[in-house]
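One-letter residues, chain by chain:
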Amino acid sequence: MRIAVNALPLIEDSPADTGNVSTEMLVRLARLHPDVEFVLIANQAWLPADPLPLNVQVAVLKPFIKGKTGRFIWRRYQWPKMVKKLKADKVLYFNDILPIPFDVESYLVMSRTGILPFGATTDENIRRFKKVFVFSDFVKEQLTNRFPRLADRIEFLTPGGSEAYIPLNWEEREEVKREYADGMEYYLAVGSIDPANNIIPLLKAFSMLKKRLRSSIKLVLAGRATPEGEDIVQALQTYKFRQDVIWVQDADEASLARLTGGAYAIVHTAGADGLAVPILAGQKCQVPAVALYAGASPEAGRDAALNAVPDDVTDLSEKMSALYKDEMLRSRLLNHMARVPSWDDAAETLGQIVTS
């Protein structure tokens, strides 16, 4: 069996910005099914950070021309032509929809993306998927509200985490704090520097915390800046407490796992996250969270997180302050943490359906 895969979301994957969910799913799926050939169709030369399984190959299909027109032609015409040329038995998409050949069985996996792109391509092709896989009730609700006929084709995958995330002992935590935060406790916010992740409200909440508590606690931001986030980067340069904000732009998985394990708590402010990976990673490391009551965050945090009201900077700051001041509260959150499985559970479910 040969399965064609849209590689564009995989190219954009990174531990901090996307949680590497698409890559985790693809790699584990391939390892679980060594008899299946996976062909990743990329629009540029691409070498993944980690070696791919032997049954995964990359087919580079460069756009005929550059720019917006070139991207349109690639998606509309080059992609389906390549799928036919490969004689793919099935097609697997992550977080995006490209034209689907009528005679090829197709599947869609929605990882951290909660909303599909608007446009004719989505509306025309969404009905052709045999199954759509989601990790949260939040994403299911978004999809069924927009495409009611998808309801009976949606399948749940179990949210998981990488084996790199493990609890750290006291000495290991102290080492991480010395390396990243001058030996101080810190809140960790994982995600792109982008308005969608509410970084400015987070900075305002952190300012209020610093003024209220006069504490030495730091804020570590882990993630790259998007083009839409350049204004936030500029604002950081004049931010009053900029000496207490550490920006880690290109953390690999091992570094991010250490940062997570060393944190006093995770603070997650993404507004429409379809899968709150940083909260789950924190639970694997026995680190609690403060999160906006939005997107899939309540599903991930459950009773192991403090929920803040969206669009309420004061409430977010108060929740962060309360957790920092009250060790008993932090202990209660830790006691409510559930086991987070590896991504293998989700990959196994995905594989049973896609390869059958």
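Residues numbered from 1 in each chain as written. Predicted model: local features only at pLDDT ≥ 70, side-chain atom pairs only at ≥ 80, totals over all residues. Heavy atoms only, no water.

Moving on: the overall build of the protein chain. Helix and strand content of the protein chain: 14 helices and 13 strands. What you see for the protein chain is a C-alpha radius of gyration of 21 Å, in line with the 21 Å of a compact globule of 356 residues. With respect to the three principal axes, the spread of C-alpha positions in the protein chain is 65 × 40 × 40 Å. In the protein chain, buried positions account for 56% of the 356 residues. Of the side-chain charges in the protein chain, 43 are positive and 45 negative, and the distance between the mean point of each set is 5 Å. (Helix = DSSP H or I, 4+ residues; strand = E, 2+ residues; numbered from the N terminus. Rg over C-alpha atoms; globule rule 2.2 N^0.38 Å. Buried < 20%, exposed > 50% of the residue type's maximum accessible area, 1.4 Å probe, protein only. Lys, Arg positive; Asp, Glu negative; His and termini not counted. Charge placed at Lys NZ, Arg CZ, Asp CG, Glu CD.)

Mapped onto the elements of the fold, Asp-13 is located in the loop between helix H1 (8–11) and helix H2 (21–32). The side chain of Asp-13 sits in the buried core without any salt bridge; Arg-224 is the nearest counter-charge, 7.8 Å away. A polar side-chain atom of Asp-13 sits 2.6 Å from a polar atom in the side chain of Thr-23. (Salt bridge = Lys/Arg side-chain N within 4 Å of Asp/Glu carboxyl O. Polar contact = N/O pair within 3.5 Å; in protein donor to acceptor, adjacent residues only side chain to side chain.)

On to the environment of Pro-53. Mapped onto the secondary structure, Pro-53 falls in the loop between strand S2 (37–42) and strand S3 (56–60). The buried category is assigned to Pro-53, whose relative accessible area is 12%. Between the alpha carbons of Pro-53 and Pro-34 there is a distance of 8.4 Å; along the sequence they are 19 residues apart.

It is worth spelling out the pattern of salt bridges at this point. Applying the stated criterion across every chain, the model contains 21 salt bridges. With its nearest N and O atoms 2.9 Å apart, the salt bridge here joins Lys-218 to Asp-244. One end of the pair, Lys-218, is in strand S9 (residues 218–222); the other, Asp-244, is in the loop between helix H8 (230–238) and strand S10 (245–248), with 26 residues separating them in the sequence. Under the relative-accessibility criterion, Lys-218 is labelled buried at 7%.

Let's shift gears to the sheet that holds S2. The 7 strands lie next to each other as S3-S2-S1-S4-S5-S6-S7, forming an open sheet whose pairing is parallel. Each edge of the sheet is formed by a strand with only one pairing partner; in this case those strands are S3 and strand S7 (154–156). On average, each strand axis in the sheet is inclined to that of its neighbour by 25 degrees, with strand direction left out of account. Here 5 bridges tie strand S4 (residues 90–94) to strand S5 (residues 105–109), and the two strands are oriented parallel to one another. Within the sheet, the bridge partner assigned to Leu-92 lies in S5 and is Tyr-107. (Pairing = 2+ DSSP bridges. Axes fitted to C-alpha atoms, helices over the stretch in contact; angles between N-to-C directions.)

Moving on, we come to the side chain of Thr-355. Take Thr-355: it is sitting in the segment after helix H14 (344–354). Owing to a relative accessible area of 18%, Thr-355 belongs among the buried residues under this scheme. In terms of polar contacts, Thr-355 uses its side chain to reach the backbone carbonyl oxygen of Gly-351, at 2.5 Å.

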